[in-house]
Amino acid sequence: MKKKKMIKFRLIILMVLCAGLLLGAWIVRGHLIHEPFRTNVRQAFQAPCREYIFGTDNLGRCVACRILYGAATSLYAAVLAVLAVFIIGTAVGVTAAYAGGIVDRILMKITLVFQAFPNFILAVAVAGMLGTGLKNSVLALGAVYWITYAKLSRSLVLSIRDSEYIRAAKICGAGPTAIIFKYILPNMVSPLIVTAALDVSSFILSMAGLSFLGLGPSRPTAEWGATMSEAKTFIQQAPWCIVFPGLALLVTVVIFNLLGDALRDVIDEG
Amino acid sequence: MIIGITFLSFLLSYLSPGDPAQILLNNQGVKASEEALQSTRHELGLDRPMIVQYGDWLMDLCKGDMGTSYKSNRPVLSEMTAKIPGTLILTVTALGVTMLLSIPLGTWCAWHAGGKADRLIQMVTYLFASLPSFFLALLLMYFLSLKIKIFPVIGSLSLKGLVMPVLTLALTLSAWYIRQVRAIIRKEMQGSYIDGLRARGMSERQILFGHVLRNCRGPLVTLIGISFGSMLGGTTIVESIFSWPGVGKLAVDAITARDYPVIQSYVVWMAVIYLSINYLIEFLYPLLDPRTGRRRQK
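Residues numbered from 1 in each chain as written. Chains lettered and ligands numbered in written order. Predicted model: local features only at pLDDT ≥ 70, side-chain atom pairs only at ≥ 80, totals over all residues.

1. Description of the overall build of chain B
Looking only at helices and strands, chain B features 13 helices and 0 strands. Evaluated residue by residue, chain B yields a buried proportion of 36% over its 298 residues. If you take every contact in chain B between residues at least 6 apart in sequence, the share linking residues at least 24 apart comes to 69%. (Helix = DSSP H or I, 4+ residues; strand = E, 2+ residues; numbered from the N terminus. Buried ≥ 20, exposed ≤ 12 C-beta atoms within 10 Å, placed from the backbone. Contact = placed C-beta atoms within 7 Å.)

Following this line, the structure appears as structure tokens:
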């Protein structure tokens, strides 16, 4: 009993923390001490000091302000994108499982083809073909991530579809839409939500990876991966330009991972 | 399957917004007039219906012709085959290092589950699993190449040049691997036959090496198949950071130059390698775990 409470408590704390991160990233944009894009060459390569707590980069821009400014890009892109693939993937999976027959076979063949490519490589190729930009990199990652939801939701529907209560609902005259939305979806949504929560962090990571390769949002968005990629050329003069965005990324990913784990634990405990 | 893969790869470049004729002419340093564009498009066959273009492309692919690079004007196939060994050396070495690191560590953690060291390792692997590989690569570069100066910044096809790219790949993957190995072994140890062996007075060491690890060979090999894809994916980032001469770097450079044939054949190659590894593992599995093989024959 006590353990159960602890797990719930942890989840609540992490949810508050994540909500705070999302909200904070939004609010902080308008209240930065230094302009994140104003260049000032005389202030270039300042080591972390009182004025610039994380130092400045090659153009004299404040690293801390850029990190705070870029946070919103990574966070909102990841959360919204995961929400989108969650909905699209689940729709595909449910359709495949409920329709069965040829529709199911075609949809599953398509997922198999997508799965034949190593994830990140497919994303790199899609982003590369579409060109840079926030929208394209999100599309590229979405092309990879929807498969998990399609497959998972399909197998979940198949496991529920033939159960007693669905048959009872059918006998009572419920149509397919009512059965899907009222009886099937509510009973299969928790494993999908856990997957989605864990995907947010991996989305943030892959997104940073893409923009590190120059495939992310175009400048100047101060996205973390892109900032670090720029800073690579002057790593020797100003290592802080890499360390702090990197740490920001690490901490964010850890927090969202913890949230996913906490959510899974709570659902497992029932 | 093959048709699906090739079609998707083809579709990628077909749907891309850039105009290959324009890129080709620009790269050749020709000022693109409308006439020149038209004739180049015709030359490249871009004015025909999509299915015809795909058919031609597939036929050429079967003959081993993957098109010509827009950038270097050389056949893509020879550019690719020149760089594939680099990527494979990197991947296989990194995978080897990962196994050497994570199987003993994972086993040890499973055997001493709940102990202080286990909890510490769990925490460290949790952190490493959240660490972007390019961040790790840059940190390694800063400390090992610029501060202590033991390894070169730019990876060359040599043992010394191999160390940092391999270390980056292996460390990030090991974090995930150690946790998986630990879970696999813990699950196996819950089998009732383990209690039986203990009751017969068999030593813990004999149980671990003679029975538990033997039975885990199958799942452990499956892990390689799963992780091979992320390993290949990881090489794109690591290769471009350390300028390692492999296909990942080639592809990233091709993306910057909008060199579609190269990107296309890169995707096809990676999918083929990834699939072959997974088929190989499916083939090997019954040899390592005879139970599955026999069941299939029935």
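Next comes the rest of the description.
2. Things to note about the overall build of chain A
Counting its regular elements, chain A contains 9 helices and 0 strands. Helices and strands in chain A line up, N terminus first, as α-α-α-α-α-α-α-α-α. The burial tally for chain A puts 43% of its 270 residues in the buried class. In chain A, the share of contacts with a sequence separation of at least 24, taken over all contacts with a separation of at least 6, comes to 69%.

3. A short note on the interface of chain B and chain A
On the side of chain A, 35 residues touch chain B, which itself brings 35 residues to the contact. Those elements that place two or more of their residues in the side of chain B that touches chain A are α1 (2–15), α7 (133–147), α10 (204–242), α11 (247–256) and α12 (260–288) of chain B. Here the element with the most residues in the side of chain B that touches chain A is α10 of chain B; it accounts for 7 residues. Its residues assigned to classes, the side of chain B that touches chain A comprises 25 nonpolar, 10 polar and no charged. (Nonpolar A, V, L, I, M, F, W, Y, C, P; charged D, E, K, R; others polar.)

4. Considering helix α7 (residues 176–212) of chain A
Residue and element names in this part refer to chain A. Between the first and last C-alpha of α7 there are merely 46 Å, a value that for 37 residues lags more than 12% behind the 54 Å anticipated at 1.5 Å per step. Along α7, the sharpest kink reaches roughly 55°, centred on Leu 185 and followed within four residues by the proline Pro 186. Taken from the residues just after α7, Gly 214 is the one with a positive phi, measuring 85°. (Expected span 1.5 Å × (residues − 1). Bend = angle between axes of the 7 residues up to and from the residue.)

5. Focus on the nonpolar core
Core analysis: the biggest nonpolar cluster contains 139 residues, and Ala 123, Val 124 and Val 126 of chain A together with Ala 251, Ile 263 and Val 267 of chain B have the highest contact counts within it. Per-element accounting of this core gives the leading share, 18 residues, to helix α2 (residues 63–99) of chain A. Aside from chain neighbours lying at most four places away, what touches Val 124 of chain A is Leu 210, Leu 213 and Leu 215 of chain A together with Thr 236 and Ala 251 of chain B. (Core = buried A, V, L, I, M, F, W, Y, C linked by C-beta atoms within 7 Å.)

6. Regarding the UniProt feature "transmembrane region" (unreviewed entry) in chain A
Residues and elements named next belong to chain A. Mapped onto this numbering, the UniProt entry gives "transmembrane region" (unreviewed entry) at residues 75–98, 110–130, 136–153, 191–216 and 237–259. Taken end to end, residues 191–216 comprises 85% helix and 0% strand; its first and last C-alpha atoms sit 30 Å apart. For the annotated span residues 237–259, helix accounts for 87% and strand for 0% of the residues, and the straight-line distance between the end C-alpha atoms is 37 Å. (UniProt positions renumbered as here; feature names shortened; annotations may be inferred.)

7. Focus on the packing of helix α6 (residues 116–129) of chain B against helix α8 (residues 159–189) of chain B
Residue and element names in this part refer to chain B. Two elements in contact, α6 and α8, have axes separated by 8 Å at closest approach and are oriented at 130°. In terms of orientation, α6 lies oblique with respect to α8. Like other packed secondary-structure pairs, α6 and α8 cross with a definite hand, here left-handed. Side by side, α6 and α8 meet where Ile 121, Thr 125, Phe 128 and Ala 129 of the first sit next to Leu 171, Thr 172, Ala 175, Trp 176, Ile 178 and Arg 179 of the second. Residue composition of the contact of α6 with α8, grouped by class: 7 nonpolar, 2 polar and 1 charged. (Axes fitted to C-alpha atoms, helices over the stretch in contact; angles between N-to-C directions. Parallel < 35°, antiparallel > 145°, perpendicular 65-115°, else oblique. Left-handed = near helix turned anticlockwise from the far one by under 90°.)

8. Let's talk about the packing of helix α4 (residues 119–130) of chain A against α12 of chain B
Two numbers describe how α4 of chain A lies on α12 of chain B: the axes approach to 10 Å, and their chain directions differ by 165°. In this view, α4 of chain A runs roughly antiparallel relative to α12 of chain B, as classed from their interaxial angle. You can see that α4 of chain A and α12 of chain B cross each other, and the crossing is left-handed. Facing Ile 121, Ala 125, Gly 128 and Met 129 of chain A of α4 of chain A, the residues of α12 of chain B in contact are Ile 263, Val 267 and Met 270 of chain B. Each residue belonging to the contact of α4 of chain A with α12 of chain B can be placed in one class, and the counts come to 6 nonpolar, 1 polar and no charged.

9. What about the environment of Tyr 145 of chain A?
Residue and element names in this part refer to chain A. Take Tyr 145: it is sitting in helix α5 (residues 134–161). With 24 C-beta atoms packed within 10 Å, Tyr 145 lands in the buried category. Residues Tyr 145 and Gly 209, spaced 64 residues apart in sequence, show a C-alpha to C-alpha distance of 15 Å. Excluding residues that lie within four positions of it along the chain, Tyr 145 makes contacts with Val 85, Asp 199 and Phe 203.

10. Here we look at the environment of Phe 242 of chain B
Tracing the backbone through its elements, the reader meets Phe 242 of chain B in helix α10. Note: C-alpha distance between Phe 242 of chain B and Lys 83 of chain B (159 residues apart in sequence) is 15 Å.

11. Examining the confidence of the model for chain B
Residue and element names in this part refer to chain B. Taken as a whole, chain B shows an average pLDDT of 81; of its residues, 88% reach a score of 70 or greater. Taken element by element, chain B is modelled with least confidence in helix α13 (residues 290–297), mean pLDDT 57, and with most confidence in α6, mean pLDDT 90. Reported confidences for the modelled complex are a pTM of 0.85 and an ipTM of 0.85. (pLDDT = per-residue confidence, 0-100.)

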